[in-house]
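# An overview of the molecular structure
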Amino acid sequence: MKLPTVAIFFDKRRIKEGHASVKLSVYYNAKQKQFSTGLILTDEQIEFLNKHKSGLTGKVRDESLRNLWNKIYGREYLDELTGDKKDSWLRKAQIAISKIEHRFSFEEFQALLLTERHDPAVFPNDLIVALRDQEKLLSDQENYTRATIFRSAANSIERFVIDTGITNKSNPKVPFVLVNKDFLKRYEKYLLDNGGFRPLTKTRRPVGQTTVSFYMSGIKKVVNEAVKAKILPKEDYPFGGEGYRIPKGKNTKKALPSDVISAVLGYSSKFTRRNYAMDVWKFSYFCGGMNMTDLARLKWRNVDLINNQISFIRRKTRTTKENAGQETVISLMPEALEIIRKWGRPNGGRNDFIFPELSLGMNEKQIHLAIYSLTRRVNRMLVVILKELGIQAKIRTYEARHSYATTLARAQVPLAFISQGLGLSSLATTERYLGSFEYEQTQQFLSALIPKKQDSQES
C-alpha cells in the first residue's frame, strides 16, 4: 500500500473573481480529499507561487512575497500578527501525515491539522527528520556541541539506510516502526566496520565505541519522544530489557608517561605555530587539564595577577544541578604565567579575551567554530611535534587533563587537592578540607607536574 501524499491546490470555485482559496490536496489509497487552510489569495499572488513552485531565487527581493512563499511551500514563515515563526502549510501537512502514515485516515489527519499545538504535538514519524529537528532545537539554544552529535547521527543513519538498501537515495526515510533491536545492532556493526565519514577526503572509516555510544544515545532520545507522541507503541520500544543495549564508551586511560611529559615540557621549535600549539597544551596541563572551550573563553577578568590565580566556571558543568554556578579556582605556576605573558593579548580591558582565538562581537556559533578550529590545529601540531621528538605516543588536548591528575597522584599529592584543580564537585567535608591549602603548599604540590629527571628515568 502506497503512503499518503499531499500537494497545494488553488481552488477558484465558489469564490469571487480574481481570487482563489488555498487547500491541501491529500491522496491516499486511490482517494483524494481537500482540506481548507482558510487562506485566500489574489491571482497575482497565485501566479507568483506557481512560477516559483520549485523554490525561491535571490532575484526575489520583496520580503512580503518571500514570506508568502515560505507560508505555503517553505519550512517556516514569520507570522505578521505575533512575530513568531511557524511551520508552512505544506510542512505542517507533511508532519501530520508522517505521524500517522502507517495508520492513516483522513479524519485523523484533519484533526491533527486543525490542532493549535502544531510543533510539540506533531512529532515526525521519521528517525532522520527527528534527529535533524533535535539538532535545530539545540542550535537555537546555542548548544552547538550537542547539536553536532545529532547532526552527525542523522547523517550517519542516512548513509546506513541508503547503503543497506533500507530506503532509496532520492528520499531517505526511516519510520520509527523500523527502529527495532535488529536495526540498531546492524547499525552498530555498520559504524564499527566502516561507517564513519571524512568530509575533507570524502572517504569512509571505522568509528570508535565512544562515537557509537553518542549516536545511539541521540537515537534513544528521539525514540523516547516518538513513544511519548504515540507514534511508536510502548511494546515496540527497542532499548533496555531484552532489547538493544547502548555500549559504554571506552574510558581508556589517557595519562602520559613521565618521560613523555618531560620531553614535551622541554620542547622548543623555530616554528611559531608549533611553539604556540605546545604552549596551549602546556597551559591546559598546568591548569588542571583545562579544556579548549574554557581556555579560549578566558578573559582578563578571570585572572588575578596579584595572587597568581585564575577563576572561571567550567562550561561543561555550568548548568548541572551539582555544579551550577560553581567557580573553579586554579593557582598559576610560573610556567603558566609565562605562557600568558608570551601569547596573551595586551590587557586592554577586563572583558577582553586573553588568548588570540576569540574576539568580542562573535556570536555563539562563531565561537564554537573557532574553538573547534583551535582544537584541531593544536592536535595536528602535537602529532608533528611528537614525530619530531621521536616519541611513539599519542597526545591530544584531552590527554592534558588525565596527565595532570595522574602525575600529581604519582607524586602522592592529596586527592582533595587534585579534585580542586580538576574543578570536580565534592562532599561538604572535602570542601572544608580544600580550604586548608595555602599558596606555598599549593605551589609545592603543583611543582610535581614537572617530573624530575630521575623520575622520568625510573618510568
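Described below are features of the structure shown in this document. Quick caveat: nothing in here was measured; it's all calculated off a predicted structure.

### Section: the packing of helix H11 (residues 272-286) against helix H14 (residues 364-389)
Remark: H11 packs on H14, axes separated minimally by 9 Å, with the N-to-C direction vectors making an angle of 105 degrees. Considered as vectors, H11 and H14 are oriented roughly perpendicular to each other. Only Leu374, Arg377, Val378, Met381, Leu382, Val384, Ile385 and Glu388 of H14 make contact with H11, whose side of the interface consists of Arg273, Arg274, Tyr276, Ala277, Met278, Val280 and Trp281. Of the residues contributing to the contact of H11 with H14, the split by class is 11 nonpolar, no polar and four charged.

### What to know about the sheet that holds strand S3 (residues 31-42)
Taken in spatial order, the three strands of this open sheet run S1-S2-S3, and their pairing is antiparallel. On the outer flanks of this sheet lie strand S1 (5-11) and S3, each paired with one strand and no other. Pairwise comparison of adjacent strand axes, ignoring direction, gives a mean angle of 25 degrees for this sheet. Judged from the nine bridges that link them, strand S2 (residues 19-28) and S3 form a sheet pairing that is antiparallel. In the sheet register, Lys23 faces S3, and the bridge partner there is Ser36. Relative to the sheet, helix H1 (residues 43-51) contacts S1, S2 and S3, its axis offset from that of S3 by approximately 120 degrees. Contacting S1, S2 and S3, helix H3 (residues 89-100) crosses the sheet at an angle of about 145 degrees to S1.

### As for the environment of Arg198
Its place among the elements puts Arg198 in strand S6 (residues 196-198). Excluding residues within four positions of it along the chain, Arg198 makes contact with Thr203, Arg204 and Arg205.

### Side note on the packing of aromatic side chains
Inspection of the entire model under this criterion finds 16 aromatic pairs. Summarising the aromatic geometry, the rings of Tyr28 and Phe106 are spaced 6.5 Å apart at their centres and angled 75 degrees between planes, so their arrangement reads as edge-to-face. Taken together, the positions of Tyr28 in strand S2 and Phe106 in helix H4 (residues 106-114) put the pair 78 residues apart, joining distant regions of the chain. Here the aromatic rings of Phe104 and Phe109 are separated by 6.1 Å at their centres, their planes lie at 40 degrees, and the arrangement is tilted. Taking relative accessible area as the criterion, Phe104 reaches 8% and is therefore assigned buried. Through pairs of rings, three or more aromatic residues link up here, namely Tyr28, Phe35, Phe104, Phe106 and Phe109. The ring of Phe353 is capped by Lys299, whose NZ or CZ atom sits 4.9 Å from the centre of that ring.

### Here we look at the pattern of salt bridges
Any two side chains of opposite charge can pair if their charged atoms end up close together. For the structure on display, the rule yields 19 salt bridges. A salt bridge links Asp133 to Arg91; its shortest N-O distance comes to 3.6 Å. Placement of the pair is Asp133 in helix H6 (residues 127-140) and Arg91 in helix H3, with a sequence separation of 42 residues. With relative accessibility at 23%, the residue Asp133 sits in the partly exposed group. Ionic pairing is found between Glu364 and Arg297, a salt bridge with its closest N-O pair at 2.9 Å. Of the two residues, Glu364 sits in helix H14 while Arg297 sits in helix H12 (residues 292-297), which places them 67 residues apart along the sequence. Taking the relative accessible area as the measure of exposure, Glu364 reaches 18% and is therefore buried. Connected through salt bridges with shared partners, the residues Arg75, Asp87, Arg91 and Asp133 form a single ionic network.

### Observations concerning the nonpolar core
Core analysis: the biggest nonpolar cluster contains 56 residues, and Trp281, Phe283, Tyr285, Met290, Ile310 and Phe355 have the highest contact counts within it. Secondary structure elements with two or more residues in this core: helix H10 (258-265), H11, H12, strand S9 (309-312), helix H13 (334-343), H14, helix H15 (399-410) and helix H16 (415-422). Considering each element in turn, this core owes the most residues, nine residues, to H14. In this structure Phe283 touches Met290, Leu295, Leu298, Ile310, Ala336, Ile339, Ile340 and Phe355, once residues within four positions along its chain are discounted. Formed by 35 residues, the second largest nonpolar core is a distinct cluster that contains Ala147, Ile157, Val207 and Ala226.

### Examining the sheet that holds strand S8 (residues 303-304)
Spatially, three strands are ordered S8-S9-S10 in an open sheet, and the strand pairing comes out antiparallel. What marks the edges here is a single partner per strand, and that holds for S8 and strand S10 (328-331). In the sheet, S8 pairs with S9 via two bridges, with the strands oriented antiparallel. Among the inter-strand pairings, Val303 is bridged to a residue of S9, identified as Ile310.

### Side note on the pairing of S2
Regular strands place side chains that alternate from one sheet face to the opposite one. Counting buried residues in S2 gives nine out of 10 residues, a clear majority hidden from the surface. When S1 meets S2, the two strands line up antiparallel, connected through seven bridges. Bridging across to S2, Ile8 finds its partner in Leu24.

### Observations concerning the side chain of Ser403
As for its position among the elements, Ser403 is in helix H15. From its side chain, Ser403 meets the backbone nitrogen of Leu256 in a polar contact 3.0 Å long. Polar side-chain contacts of Ser403 include one of 2.7 Å to the backbone oxygen of Glu399.

### Quick word on helix H9 (residues 209-228)
For H9, with 20 residues, the first-to-last C-alpha span of 29 Å sits near the 28 Å given by 1.5 Å per residue. All buried positions along H9 are accounted for by Val212, Ser213, Tyr215, Met216, Gly218, Ile219, Val222, Val223, Ala226 and Val227. Two residues or fewer after H9 comes Lys230, characterised by a positive phi angle close to 65 degrees.

### A word on the packing of H15 against H16
Here H15 crosses H16 at 160 degrees, and the two axes come no closer than 10 Å. Here H16 runs roughly antiparallel to H15, going by the angle between their axes. Here H15 runs over H16; the crossing is right-handed. Contacts between H15 and H16 involve Arg401, Tyr404, Ala405, Leu408 and Ala409 on the former and, on the latter, Phe417, Ile418, Gly421 and Leu422. Its residues placed into classes, the contact of H15 with H16 shows seven nonpolar, one polar and one charged.

Rules used throughout
Residues numbered from 1 in each chain as written. Predicted model: local features only at pLDDT ≥ 70, side-chain atom pairs only at ≥ 80, totals over all residues. Heavy atoms only, no water. Axes fitted to C-alpha atoms, helices over the stretch in contact; angles between N-to-C directions. Helix = DSSP H or I, 4+ residues; strand = E, 2+ residues; numbered from the N terminus. Parallel < 35°, antiparallel > 145°, perpendicular 65-115°, else oblique. Contact = heavy atoms within 4.5 Å. Nonpolar A, V, L, I, M, F, W, Y, C, P; charged D, E, K, R; others polar. Pairing = 2+ DSSP bridges. Phe/Tyr/Trp six-rings, centres within 6.5 Å; stacked < 30°, edge-to-face > 60°. Buried < 20%, exposed > 50% of the residue type's maximum accessible area, 1.4 Å probe, protein only. Lys NZ or Arg CZ within 6 Å of the ring centre and 35° of its normal. Salt bridge = Lys/Arg side-chain N within 4 Å of Asp/Glu carboxyl O. Core = buried A, V, L, I, M, F, W, Y, C linked by side-chain atoms within 4.5 Å. Polar contact = N/O pair within 3.5 Å; in protein donor to acceptor, adjacent residues only side chain to side chain. Expected span 1.5 Å × (residues − 1). Left-handed = near helix turned anticlockwise from the far one by under 90°.

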